[in-house]
Amino acid sequence: MTSLLLPPKAVHQGDLILVNADHPYHPLSPPDLLPVAGTEILLERRAAQALDRLMSAIGGWEKIVPVSGWRSQAEQQTIWEDSLRENGLDFTQTYVARPGCSEHQTGLAIDLGLQSSHIDFIRPAFPYQGICQTFRQAMAKYGWIQRYPEGKEHITGIGHEPWHFRYVGTPHAAIMAARGFTLEEYIVWLRSFPYGTCRYQDQNFALSFLPAASHGPTAILLSSNYSYTFSGNNADGFLLTEWGNLHD
């Protein structure tokens with residue numbers, strides 16, 4: 001058995017942290033960033049590597065360009081203020097996250113656009129056809145989701161954004177795609193599987209939710225028969241993913 005102590009701040013770390021107007025981003029350390037496709041646009045290392053594998057598999061970089069990746073707090077503030085001045089409050093609230101509440105600040109999100117002589121920075125074209133749709137069809141295998149789908153605006157608080165993608169890792173992206181979940185819905189759904197009581201179990205992995213301790217670190221005892229990863233949910237607990245010989 002392996003005993004772990006998860007510090008309280010770890011609830012704000014991981015590939016599955018929920019960042020929105022109700023759950024601001026809590027930067028604990030500078031993200032480990034890599035450039036995307038030889039540009040000055042940056043992503044968190046795991047996200048950048050997964051995106052590059054995806055694009056290599058579909059030949060995506062021949063027609064798709066990165067538009068916006070990681071942003072500092074100051075950059076998000078500038079984008080918010082510029083959009084307010086140029087587009088007004090309604091547009092800005094629909095398509096621009098408030099500073100401190102943007103996924104871009106995590107390094108886990110990217111806006112992509114179809115290559116063109118003119119690309120709109122706020123709303124780049126990324127149609128549901130051609131290479132862009134090929135990207136969508138392949139992305140879950142590499143840990144990516146379309147973060148703000150049509151019809152879920154009342155859940156995400158952001159308008160339909162065909163161009164905005166979020167890295168959540170595997171197997172989470174595939175589960176979310178199969179069930180039609182936004183990240184908000186997925187976080188809630190995982191609460192149905194409290195660690196120590198039940199797990200969502202597939203052939204190769206299991207998922208469960210571990211609430212954070214009310215005071216001090218959260219303790220957990222894990223079997224040494226399988227591998228595992230944790231992610232905070234950026235609110236009140238941890239999402240545990242286990243791989244290996246789960247039936248022992």
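Residues numbered from 1 in each chain as written. Predicted model: local features only at pLDDT ≥ 70, side-chain atom pairs only at ≥ 80, totals over all residues. Heavy atoms only, no water.

Caption draft 1: Examining the sheet that holds strand 12 (residues 237-244) more closely. Strands sit in the order 8-9-12-11 across an open sheet of four strands; the sheet is antiparallel. Pairing within the sheet leaves two strands with one partner each, and these edge strands are strand 8 (200-201) and strand 11 (226-232). Strand direction decides the pairing type here: strand 8 and strand 9 (residues 205-211), joined by two bridges, are antiparallel. Each residue of the ladder has a partner; that of Gln-201, found in strand 9, is Ala-206. Of the strands in this sheet, strand 8, strand 9 and strand 12 touch helix 7 (residues 183-190), which is tilted by about 85° from strand 9. (Pairing = 2+ DSSP bridges. Helix = DSSP H or I, 4+ residues; strand = E, 2+ residues; numbered from the N terminus. Contact = heavy atoms within 4.5 Å. Axes fitted to C-alpha atoms, helices over the stretch in contact; angles between N-to-C directions.)

Caption draft 2: Examining the pairing of strand 7 (residues 161-167) more closely. Counting buried positions over the seven residues of strand 7 gives seven, a clear majority of the element. Relative to strand 7, strand 5 (residues 109-114) runs antiparallel, the two sharing three bridges. Looking across to strand 7, one finds that Asp-111 is bridged to His-164. With four bridges joining them, strand 6 (residues 144-148) and strand 7 adopt antiparallel strand pairing. By the bridge assignment for strand 7, Tyr-148 is matched with Glu-161. (Buried < 20%, exposed > 50% of the residue type's maximum accessible area, 1.4 Å probe, protein only.)

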